[in-house]
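Residue-level listing of the chains:
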Amino acid sequence: MLKYDLHVHTKYSRDGESSVEDIIRMAEKRGLDVIAITDHDTVEGAKYAQTIKTDILVIPGVEISTKSGHLIALGITETVPAGLDFYETVDRAREMGAFLILPHPFHQFRHGVGTRLKDAIGAVDAVESFNSRYIIGSANRKAEKKAKKFKKPCVAGSDAHNARFIGYGVTVVDSEKDMQSIFDAISAGRVCIVGKMTPLRSYTGQSLKNTKRKIVRKVRHK
């Protein structure tokens, strides 16, 4: 059984706080076997991570901003342009061979696709039913419930934007330590989820920083 964190951000994300090196070192310290680098709308952090010497398997990925919310595509080193229709994004990512996860699908303020498209879960390979960056767990529970309805496997992700929170959302998978074996095992449901919530103070602090960045960007573009 191997331990994976399938939703991790680095400084290559516009709201990421830690270097790729710090992310990998913390993953090693936490005893993880696999991490997926899923920066917002860029694969550069994931590609760079694969050049760093480590026993951890780094899965390249990207968290794509669609018109209806966020979509994680794993196993690709190119990205789909941001801002496209959700289903078009799904089609393009699949053409690249991506394994698709719907992250935080029912979070009202974090681009949850499930709050806008009721059948979106049917279009992906797995659902993130535990995201550590929730103040309360109701949206996680709803994601798990909807995943069961659509017969989709559930996974966890820390959604860490700082290395301190790597491993707060872990998917334990019965698989070999290679990408295709991992995807096959998740699809077959050979997984269990272990997680703890990001501390409220840290989560709200990150949210305030992100809001400030957005305001600054809007002012600069006026």
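Residues numbered from 1 in each chain as written. Predicted model: local features only at pLDDT ≥ 70, side-chain atom pairs only at ≥ 80, totals over all residues. Heavy atoms only, no water.

To continue, consider the packing of aromatic side chains. Tallied over the entire structure, the rule returns 4 aromatic pairs. Ring geometry for Tyr12 versus Tyr48: centroids 6.5 Å apart, planes at 40°, classification tilted. Placement of the pair is Tyr12 in the loop between strand 1 (2-8) and helix 1 (20-29) and Tyr48 in helix 2 (residues 44-49), with a sequence separation of 36 residues. Relative accessible area serves as the criterion here: at 32%, Tyr48 is assigned to the partly exposed category. A ring pair is formed by Phe165 and Tyr168, whose centres lie 5.4 Å apart and whose planes are at 90°; its orientation type is edge-to-face. Here Tyr168 falls in the buried class, since its relative accessible area comes to 12%. The ring of Tyr168 carries Lys196 above its face, with NZ or CZ at 4.6 Å from the centroid. (Phe/Tyr/Trp six-rings, centres within 6.5 Å; stacked < 30°, edge-to-face > 60°. Helix = DSSP H or I, 4+ residues; strand = E, 2+ residues; numbered from the N terminus. Buried < 20%, exposed > 50% of the residue type's maximum accessible area, 1.4 Å probe, protein only. Lys NZ or Arg CZ within 6 Å of the ring centre and 35° of its normal.)

Here the focus is the pattern of salt bridges. On inspection of all chains with the given rule, the structure shows 7 salt bridges. Arg25 is the partner of Glu28 in a salt bridge, and the nearest nitrogen-oxygen pair spans 2.8 Å. Within this pair, Glu28 and its partner Arg25 are both found in helix 1, separated by 3 residues, close to a single helical turn. Its relative accessible area of 36% is what places Arg25 among the partly exposed residues. In this structure, the salt-bridge partner of Lys47 is Glu44, at a minimum N-O distance of 3.7 Å. Here the residue Lys47 and the residue Glu44 both occupy positions in helix 2, the gap between them amounting to 3 residues, near one helical turn. You can call Lys47 partly exposed: its relative accessible area is 35%. (Salt bridge = Lys/Arg side-chain N within 4 Å of Asp/Glu carboxyl O.)

Attention now moves to the nonpolar core. With 26 residues, the main nonpolar core has Leu71, Ala73, Phe86, Leu100 and Leu102 as its most contacted residues. Setting aside residues up to four positions removed in sequence, Leu71 forms contacts with Val62, Glu63, Ile64, Thr66, Phe86, Thr89, Val90, Leu100, Ile101, Leu102, Pro103 and Val124. The next biggest cluster of nonpolar side chains, apart from the first, holds 21 residues, and it includes Ile52, Phe165, Ile166 and Tyr168. (Core = buried A, V, L, I, M, F, W, Y, C linked by side-chain atoms within 4.5 Å. Contact = heavy atoms within 4.5 Å.)

Next up on the list: the sheet that holds strand 8 (residues 169-173). Taken in spatial order, the 9 strands make up an open sheet running 7-6-5-4-3-2-1-8-9, and their pairing is mixed. Every other strand in the sheet has two partners, leaving strand 7 (154-157) and strand 9 (191-195) as the edge strands with one partner each. Averaged over all neighbouring strand pairs, the angle between strand axes comes to 30°, with direction disregarded. Bridge count for strand 2 (residues 34-37) against strand 3 (residues 57-66) is 4 bridges, and the pairing is parallel. Counted as the bridge partner of Ile35 is Val58 from strand 3. Across the sheet, helix 5 (residues 179-187) lies against strand 1, strand 2, strand 3, strand 4 (69-74), strand 5 (99-102), strand 6 (126-131), strand 7, strand 8 and strand 9, angled at about 60° from strand 3, the strand it touches most. (Pairing = 2+ DSSP bridges. Axes fitted to C-alpha atoms, helices over the stretch in contact; angles between N-to-C directions.)

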